[in-house]
Amino acid sequence: MFKTRFRAVIYITFLLPIILLILSFTDEYVQQREQMVENQLIPRGITDKNTLRAMRETPRHLFIPSAAQRRFAYQDRPLPIGYGQTISQPYIVAYMTQIIEPKSDYRVLEIGTGSGYQAAVLAEIVDEVYTIEIVEELGKHSIKVFDKLEYENVDVKIDDGYYGWEEYAPFDAIVVTAAAEHIPPPLIEQLKDGGKMIIPVGSPFHTQQLMLVEKDGDDIITKNLMPVRFVPFRRAE
Amino acid sequence: MVSFFSKFDNQHRMLIALGIHSIAIIAYQLALMQMLSFIQWHHFAYMIISIAMLGFGASGTLVVIARKWFINKAEWIIPLLMILAGLFMIVTFPLSRQEAIQFDVYLLFTEFRQFPKLALNYILFFLPFFFGALAIGLIFIIYSKKIGVYYFSNLIGSGVGGILVLFIFSSFYPEQSFPLIAILPVLSGIIVISKKYYKLQIVFSIIALFLSVFFFFKPSDIHVSEYKSLSKTMTLPEAEIIHSEPDVHGVVNVVSSPAMRYAPGVSLSFRENMPVKPSVFVNAEVFGNIPKHDDNAKFNIHDYTTMALPYVMNERDSVLVLNAATGNALSHALNNDAKCVTGVIENSAVIDLLKNDFSYESGELFLNPKVNIVYQESRAYLNEYRGKKSFDAIKLPLLDAFGGTAGLNALSEEYYLTKEAFERMWDMINDDGVIVVSSWMDYPPRNTLKIFATLVELAEEKEVENIKDHIIGIRSWGNLSFAIKKTPVTDSEIKKIRDFCDKMFFDPLLLPDISDEERVKFNILEDDSFFNYIDEIMGDNRDNLYNEYGFHIRPATDDKPYFSQFMRLSSVQYLRDLFGPAQMPFLEIGYLIVVITFAQSLLLALLFIVLPLFFLKRTGAGKFPTLLYFGALGLGYMFVEIILIQRFVLYFGHPIYAITAVISAMLLSSGAGSYFSSKIQNIRKNASKVNLLIAGFLLLYAFILTPLIELTISSDIVFKIITGLLLISIPSFFMGMPFPLGIKYLSDNNENHIGWAWGINGSISVIATSLAMLVAVEGGFRMVILIAMACYLIAFFAMRIYKN
């Protein structure tokens, strides 16, 4: 009896701080997300309730492959995820989400899964997210993360995003996260009439334009939204 | 102190060794420049090499500190230093590629740990120059009485080194060039090994030669920066390098991947499959995509871009494409029924590639009877054929192309984009012909406004009435094209342009009767500012806009040919607000790196110059004139060299060969001048005279060099070569005299200063390279040459202070 009690005391003595530490970290990330929304998103004009909710709920730090980089997860900057790619800064993710005006019954295609964070934010709002990644290692990593976090409404395909995902077309919105010097015709084809596509166009080393493409019957209208820029931040550790 | 080597060697052996050693130093410097440009960017190469070259300054300092020891040990140490220089030429590059030391210039502004890595790179690359320069400096000190002859050997060797490296670059990869070049200093060390002290030298020679063979056949891995286009392309599925070859213009690689599609800014109405094309990379940056030309093709991808503008307006029988790269615009012209297409390309390796190895893949485009490929720099072509040839259309490459290097090109001379270049194009188009230039849309607008301003000023220069009737512009979602015509645009052309825009979802930007609504039918911009700027440039307040706009958008000229240099100090805050502080360094990284290079070399050079002063206390007299004299010579000589290179690139037309010709002609002529100076008596008086004479030459050059070049640029090649060499050699001959005369003067009067003088000259020369770039950007070429003139005047006065 004494032994059992002694063991229990020992377990509690050692385990409690660990549990508290984990809980404190969890709380800390929730707090950081809240601060991110309050300080980085709302002041810059992110007002869509669904988008703000998704940004509050999506654990960005879990999409960053490098443990060493996770402490920067909610800072106002992009972070490296390897293979010359980055996870966009929170504001850009929120902006791209808000601009397509996502609704719960939407089917959205994302080109360039990268870390998976943008797809996860979309999945918090819409019914179906289809995402395509060209770099095999990144695609596999994001599949693991989605499985772990139990995102059941996200489908990942490792392929060349140029062709889109015809099987699930047409899409209410398409989000392209990789800079391009052309807008692939198959993506235009797979966009619903009245649908919206957001795509950064420009050189990897120059200022890029975030562009909104809207399909209106036979016409296609583009609108330059704002300049964005790729910065080669630290490589993945 | 006369000949320490008389016991073991003779002067001839030392002269030969010095010459060979000097070949190696300059060849290694150029090879290092080539390699660093390949794995990183050429501005990084300047940054590293400027510090490495301070090895010359450091060697002078060391000689001052331990002069006696060095002179006593000269017989033992000079061969050893030469061999060590060779040894370090072999091992420094492989060492710098180790994970712990590998450095990436693009990460410098975001990653703190890059700084110690950069410092280690500096130290590594400093060593071969330090050992090499120390050997040369010691020889100059020991043979200071006969400095004219030894300086002659040094300069001749350097001149030969510049030529030799061209052969090495065309036959070997950069990583193989180091062990190859390193044999030379080892050989020069062996030539002067003494019978008394040879064991250590022999051991090091054997090690160096063994390593040379090893690294030549098994070079170290290169690791191109992950931020260069080649590295990024290699992450695409099934990407593979299908061809690779070394070349004087840089390493050429061809990469294929099924995900590499070429369709720059293609219309959203395009519904076909986009062509998959292999890409050519030069020094790991995109040079162009290889077109698959087909005379009977159903469509050409360029027909769906704004670049189709000249063919939309009218038929074009004869087309000139400047900077034609891999020939996509040539294929486009042929598909639009052009009967004669001329492509000007400044890379001979790419021309060979498309004529031979990739002839089939390119649909034998470069062998097409309607195509005329000219291997020349574009501006030189315009100079040569102005008044001799005329075209229906002259096309320039797409500005600020994706994968290009606008930020890095900030301080590159782009003579084909200057006002003078456009004047020549104007003289080469037929009455109904057009000059067409396309650009990616940029925000804040820079390229687009500058090129438009250039066209408007061209029209004014040519006294065109009602400019609005002569310049047309159309805009897509991503890029725009301007066309300028000698004759007013016709109603029929306007109709065709409007129809084309409607079909392609493009918007007209400039038409004689355009409305505000028409400009944003399909592609809406953030605001109207771009249109307002365009209208302002067309109007009377253009100068106000030039002065008040946040970026340099005044057209580039031959005196300031830096088209891609836009940054202004006043725009820094605005850009900071727009993009955030972390992005700032990347907006014009080329300019920033030159500023950093200048600042760091200035700091270190001061250290190398000031430090020896503490060891010169007992011989205090004449320090100031020594500093002035040798500092002014270092600055003046380099300023002239840089100006001559930049002027004659335009003159000879082939940058690589022009640079080699200028450097080699200068060094060889200066070598001859140095040899001649060894016969001069009454040094103080004659050195003053020579400096004054050089200053006179430079004053003359500040005003007549450009007109002389203009006058003779279209002449017969033989006449041009003779004129060019004379223009370079005459001042260079005299410029080879002041340094040996100064050393000889010190040898007679204050020989403790010789090492210091060597260090001053070396250090200031290094500062001069980056400073000359900054002066040229801010003040133009004439300013650079006038400062060089002032330097020689300072040297003149410094010699007179000595006298007094």
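Treat the numbers as computed from the prediction; the structure is a model and nothing was measured.

1. Examining the sheet that holds strand E4 (residues 285-289) of chain B
Residues and elements named next belong to chain B.
Turning to step 1, where the next piece is worked out: The strand order E1-E2-E3-E4 describes an open sheet built from 4 strands, whose pairing is antiparallel. Only two strands of the sheet have a single partner each, and these edge strands are strand E1 (240-245) and E4. Neighbour-to-neighbour, the strand axes of this sheet turn through a mean angle of 25°, independent of strand direction.
Turning to step 2, where the next piece is worked out: Two strands pair when backbone bridges link them, and strand E2 (residues 252-256) and strand E3 (residues 279-282) are joined in this way by 4 bridges, in the antiparallel orientation.

2. With respect to the confidence of the model for chain A
Turning to step 1, where the next piece is worked out: Residues of chain A with pLDDT of at least 70 account for 82%, and the chain-wide mean is 85.
Turning to step 2, where the next piece is worked out: In this model, residues 231-237 of chain A is a region of pLDDT below 50 whose contacts with residues beyond four sequence positions or in other chains number 39 contacts.

3. So, the packing of aromatic side chains
All names here are of chain B.
Turning to step 1, where the next piece is worked out: In the structure shown here, the tally under the stated rule is 49 aromatic pairs over all chains.
Turning to step 2, where the next piece is worked out: Residues Phe648 and Tyr651 carry aromatic rings whose centres are separated by 5.4 Å and whose planes lie at 85° to one another, so their mutual orientation is edge-to-face. Of the two residues, Phe648 and Tyr651 are both situated in helix H22 (residues 623-652); the distance of 3 residues between them amounts to about one turn of the helix. In this pair, the class of Phe648 matches that of Tyr651, namely buried.

4. What to know about the pairing of strand E4 (residues 128-133) of chain A
All names here are of chain A.
Turning to step 1, where the next piece is worked out: Among the 6 residues of E4, 5 are classified as buried, and the element is accordingly described as predominantly covered.
Turning to step 2, where the next piece is worked out: Here strand E3 (residues 107-111) runs beside E4; their pairing, made up of 5 bridges, is parallel. Bridged to Glu110 within E4 is Thr131.
Turning to step 3, where the next piece is worked out: Running through helix H4 (residues 117-123), the crossover from E3 to the neighbouring parallel element E4 is right-handed.
Turning to step 4, where the next piece is worked out: In the sheet, E4 pairs with strand E5 (residues 154-158) via 5 bridges, with the strands oriented parallel. In the strand pairing of E5, Val129 is matched with Val154.
Turning to step 5, where the next piece is worked out: Following the chain from E4 across helix H5 (residues 136-148) to the adjacent parallel E5, one finds a crossover that is right-handed.

5. Here's the deal with helix H2 (residues 49-57) of chain A
In an α-helix there are 3.6 residues to a turn, and that puts residues three or four apart on one side.
Turning to step 1, where the next piece is worked out: Those residues of H2 of chain A that fall on the buried side of the exposure criterion are Thr51, Leu52, Ala54 and Met55 of chain A. Looking straight down H2 of chain A, one finds its buried side chains confined to an arc of 160°; they lie on one side.

6. Things to note about helix H14 (residues 378-385) of chain B
Residue and element names in this part refer to chain B.
Turning to step 1, where the next piece is worked out: With 6 of 8 residues buried, H14 lies mostly within the body of the structure.
Turning to step 2, where the next piece is worked out: Turning to H14, its buried residues number three or more, namely Ser378, Arg379, Ala380, Tyr381, Leu382 and Asn383.
Turning to step 3, where the next piece is worked out: The backbone nitrogen of Arg379 lies 3.1 Å from a side-chain oxygen of the residue at the head of H14, namely Glu377.
Turning to step 4, where the next piece is worked out: Just downstream of H14, Gly387 is the residue with a positive phi angle, here 85°.

The rules behind the values
Residues numbered from 1 in each chain as written. Chains lettered and ligands numbered in written order. Predicted model: local features only at pLDDT ≥ 70, side-chain atom pairs only at ≥ 80, totals over all residues. Heavy atoms only, no water. Pairing = 2+ DSSP bridges. Helix = DSSP H or I, 4+ residues; strand = E, 2+ residues; numbered from the N terminus. Axes fitted to C-alpha atoms, helices over the stretch in contact; angles between N-to-C directions. pLDDT = per-residue confidence, 0-100. Contact = heavy atoms within 4.5 Å. Phe/Tyr/Trp six-rings, centres within 6.5 Å; stacked < 30°, edge-to-face > 60°. Buried < 20%, exposed > 50% of the residue type's maximum accessible area, 1.4 Å probe, protein only. Right-handed = clockwise from strand over helix to strand, strands pointing away. Arc of directions from axis to C-beta. Polar contact = N/O pair within 3.5 Å; in protein donor to acceptor, adjacent residues only side chain to side chain.

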